[in-house]
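Architecture at a glance
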Amino acid sequence: MRKLFTLLSLFVLASMILSACGPTPAATDAPAQPEQPAATDAPSQPEATEAPAKEAVLRINTGTYPDVIDPQKSSFVNEIGHLDKIYMGLSTLNEKLETVPGAADSWTFNDDATQLVFTLKPGLVYSDGSVLNAKRFEYSFQRNIDPTTAGEYASITDEIVGAPEWRAADTAAEGYDPETFKAALGVKASHADGSACADYEDTACDTLTLNFSKPAPYFATIAGIWVGYPAKEENIAEGGDIWWTSSKYQIGNGPFIWKSVDPFVKSVFVPNPNFAGGSVPTYSMEYSYITDSAVAFEAYLNNEFDIVASVAEDLPVIDADADLTAQHVKYAGSCTIKIQYSLHPTWNGQPNPFTDKKVREAFALAFDAESWARDVDGSLSLPTWTWIPPGYPGYDAASPLHFDPEAAKAALAAASEPFNSAEKLNAMGLKMAFADSARNRQRHEWIAAQYKEILGVDLALDPVEPTTYTAIQKDPDTYPLLSRGGWCADYADQQNWLSVYWRTGTFSARWGYSNPEFDALVDEADTTVDTAKRNELYAQAQQILLGDIPAAFGYNSLNHYLVKPWVTGYMTTPQDHIFPGDLTPWTISIDTSMIP
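Since we're looking at a predicted model, the values are computed, not measured.

When you go through the protein chain residue by residue, the secondary structure sums to 20 helices and 22 strands. Against the 2.2 N^0.38 benchmark of 25 Å for 596 residues, the protein chain shows a C-alpha radius of gyration of 25 Å, consistent with a compact globule. Overall, the protein chain is about 95 × 65 × 45 Å in size when its C-alpha atoms are taken along their principal axes. Buried residues in the protein chain amount to 58% of all 596 residues. For the protein chain, the exposed surface amounts to about 22,800 Å²; the carbon and sulfur share of it is 52%. Across the protein chain, the 39 positively charged side chains and the 78 negatively charged ones have centroids separated by 3 Å.

As structure tokens, then:
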């Protein structure tokens with residue numbers, strides 16, 4: 001979504017479960033009480049006192065609490081929506097989705113794009129004032145690749161020399177030595193003259209060199225995403241496996257400081273005075289974790305939130321109120337949402353029907369994406385039959401898929417013997433998992449009713465506690481037979497949509513997709529510098545993907561939020577996933593004089 005996406009609306013945002021909780025941080029300090037006016041000798045009438053100035057606080061409901069808030073482990077949008085407020089990478093994206101300097105002042109590739117050298121901005125420090133040098137970024141890339149980290153985005157840095165070998169190493173094997181793999185890795189922090197850095201306190205350590213095993217002309221952008229965020233090694237070591245659950249250890253270089261957290265309830269962020277990636281924000285921020293969109297909407301109406309995601313059920317109220325209509329912000333999104341199939345050989349101890357392409361075809365052709373977008377989402381999404389969304393490089397409307405009930409029935413009848421009728425599928429007890437909420441139940445009841453009407457299939461609904469729903473999608477052993485989810489852009493390149501997500505051994509391992517012909521095309525495209533040839537290779541790969549029907553491609557996201565009028569200055573992008581202006585939050589202002 002950028003990263004993985006389970007459901008974009010509040011009630012469907014993939015939630016995450018904590019394996020344990022760290023120590024509860026101290027609550028946010030209460031605002032100081034106004035002083036009493038000084039006494040005077042004059043027996044005059046009572047003097048009017050000035051109302052205390054309101055605090056500039058942006059209050060946002062983000063949906064569910066993240067499964068993990070660790071730069072080298074995270075992958076879902078609400079996880080990243082926390083990390084990119086606390087940290088900033090070597091590069092970043094601006095409001096035009098262009099790759100621009102973040103912590104790095106500049107970077108250069110060699111002629112064949114097999115080496116990339118970053119030069120950090122001078123005088124970089126963390127939010128606590130400690131030195132931030134190139135060795136911190138060296139550690140981040142090493143930790144992302146280290147197999148003991150088991151990072152969910154680890155494969156995205158496989159272009160680095162030695163990365164796939166270390167990532168695939170058996171840490172339990174006799175003689176395994178992580179230092180040997182680390183020494184062979186194409187990641188090196190140094191001084192500008194190439195000499196070795198001393199330690200994390202070395203202020204002259206300002207250069208990071210990445211050497212690649214193949215051309216990687218897009219890697220300046222990858223180097224700016226969360227896998228390279230410079231979390232402190234000593235904090236991770238002190239906090240242990242659950243270090244990220246405490247704001248004490250999340251010392252970063254981003255626009256905000258994570259001041260406090262009450263897990264599953266609220267996080268408080270305050271401006272980082274040492275932020276070097278843009279102007280220092282002029283407001284604090286609160287993330288709340290209400291998964292029921294009806295409750296969040298009522299809280300917004302009561303001025304308890306400044307921003308919430310809008311949903312179809314609330315459109316009649318919004319459209320009937322001039323003020324709410326003016327506060328309803330809608331613009332292009334960056335996600336493709338699909339009905340996901342598990343493609344693993346077995347499910348629930350029996351053969352998996354979705355390993356049969358004709359079954360996948362039947363379920364894809366039986367999904368009415370246009371009716372979903374119009375009737376269920378209230379036109380807050382756009383129907384699609386392809387993978388890469390409009391407005392992104394590689395968008396191709398040509399697809400073998402569409403809504404066709406009769407063709408769907410014919411496809412099911414043409415499936416292999418164990419799965420070629422509704423009666424046989426019904427005997428298997430097919431289930432569709434989803435993050436449970438009242439409104440989300442209604443949406444999935446709509447899907448189940450459609451499959452019943454068109455295919456005659458009884459699809460049992462499997463509501464899952466929201467914080468667990470994300471976790472089960474991360475493990476091939478628990479990946480649901482059917483679910484709803486998708487992908488949101490990390491950056492504007494076909495490599496992000498095809499290679500990162502669908503290539504064998506990447507995220508596709510979760511649901512079991514693998515096609516050697518597809519892999520060969522994206523591997524070649526990834527290393528091709530010629531733009532026209534590169535685009536053609538990716539186009540061929542996408543057509544192979546669509547022909548495999550690894551999912552029922554359904555709809556593209558729109559960003560849609562309710563935003564109070566005192567929130568101004570936000571610069572929207574398709575890759576806003578938590579609130580408008582998510583990518584460049586330092587441009588936002590809060591006009592406290594307007595707050596009731």
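Still to come is the rest of the account.
Turning to the sheet that holds strand β8 (residues 207–211), a few remarks are in order. Read from one edge to the other, the open sheet built from 4 strands follows the order β5-β6-β8-β7, with strand pairing classed as antiparallel. One side of each edge strand has no neighbouring strand; the edge strands of this open sheet are β5 (104–109) and β7 (187–190). Recorded for the sheet is a direction-independent mean angle of 15 degrees between the axes of neighbouring strands. The pairing of β7 with β8 spans 4 bridges and is antiparallel. Residue Ala189 lies in a different strand from β8, and its bridge partner there is Leu208. Together, β6 (115–120), β7 and β8 form the strand contacts of helix α2 (residues 134–145), whose direction differs from that of β7 by roughly 170 degrees.

So, on to the state of the cysteines. Scanning the model with the defined rule gives 2 disulfides in all. In this model Cys197 forms its disulfide with Cys205; the gap between the sulfur atoms is 2.1 Å. An S-S torsion of about 85 degrees defines the bridge between Cys197 and Cys205 as right-handed. Note that Cys335 is cross-linked by a disulfide to Cys488, the S-S spacing being 2.0 Å. Every disulfide takes its handedness from the sign of the S-S torsion; for Cys335 and Cys488 that torsion is 105 degrees, giving right-handed. Of this pair, Cys335 sits in strand β13 (residues 328–341) while Cys488 sits in strand β19 (residues 482–488); the two residues are 153 residues apart in sequence, bridging distant segments of the chain.

Take the pairing of β19 next. As a general feature of sheets, a regular strand has side chains that alternate between the two faces. Judged by how many residues are buried, β19 sits mostly within the fold: 7 of 7 residues are covered. Burial of the side chains of β19 extends over both faces: Leu482, Arg484, Gly486 and Cys488 are buried on one face and Ser483, Gly485 and Trp487 on the other.

With that settled, the discussion passes to helix α12 (residues 405–413). Every buried residue of α12 is accounted for by Ala408, Ala411 and Leu412. Along the axis of α12, the buried residues cluster in a sector spanning 100 degrees; they form a single face. Summarising the geometry of α12, the exposed residues directed more than 90 degrees from the buried face are Glu406 and Ala413.

Backbone geometry follows two general trends: most residues other than glycine have a negative phi, and most peptide bonds adopt the trans configuration. Positive phi is not limited to glycine here, since Ser379 has a value of about 60 degrees. On the secondary structure map, Ser379 appears in the loop between α11 (369–376) and β16 (381–383). Even without being glycine, Ile549 reaches a positive phi, approximately 50 degrees. Position of Ile549 relative to the elements: it lies in the loop between α20 (531–548) and β20 (551–563).

Counting buried positions over the 8 residues of helix α15 (residues 466–473) gives 6, a clear majority of the element. Within the sequence span of α15, burial applies to Pro466, Thr467, Tyr469, Thr470, Ile472 and Gln473. In this structure, the buried residues of α15 make contact with β13, β17 (431–435), β18 (460–464), β19 and α18 (508–511).

Reading guide: rules and limits
In every chain, residue numbers begin from 1 and rise along the written sequence. Confidence filtering applies because this is a predicted model: local features only for residues at pLDDT of at least 70, side-chain atom pairs given and counted only at 80 or more, and all residues used for totals across whole chains, interfaces and linings. The side-chain figures draw on all heavy atoms in the structure; neither hydrogens nor water molecules are used. A run of DSSP states H or I qualifies as a helix once it reaches four residues; a run of E qualifies as a strand once it reaches two. Both are numbered from the N-terminal end. Restricting the calculation to C-alpha atoms gives the radius of gyration, and the globule rule supplies 2.2 Å times the number of residues raised to the power 0.38. Summary of the burial criterion: residues with accessible area below 20% of their type's maximum are buried, those above 50% are exposed, and those between are partly exposed, where the area comes from a 1.4 Å probe applied to protein chains only. Accessibility throughout is a Shrake-Rupley quantity obtained with a 1.4 Å probe, and a residue counts as covered only by protein chains that appear here. Neither His nor the chain ends is counted toward charge; the positive residues are Lys and Arg and the negative residues Asp and Glu. Charge positions come from single atoms, namely NZ of Lys, CZ of Arg, CG of Asp or CD of Glu. Strands are labelled as partners when DSSP assigns at least two bridges between them. Between the N-to-C directions of two axes lies an angle of 0 to 180 degrees, each axis being a line fitted to C-alpha atoms and, for a helix, fitted only over the stretch in contact. Contacts: residue pairs with any heavy atoms within 4.5 Å of one another. In this description, the term disulfide denotes a pair of cysteine sulfurs within 2.5 Å. This arc is built from the directions going out from the helix axis to the C-beta atoms.

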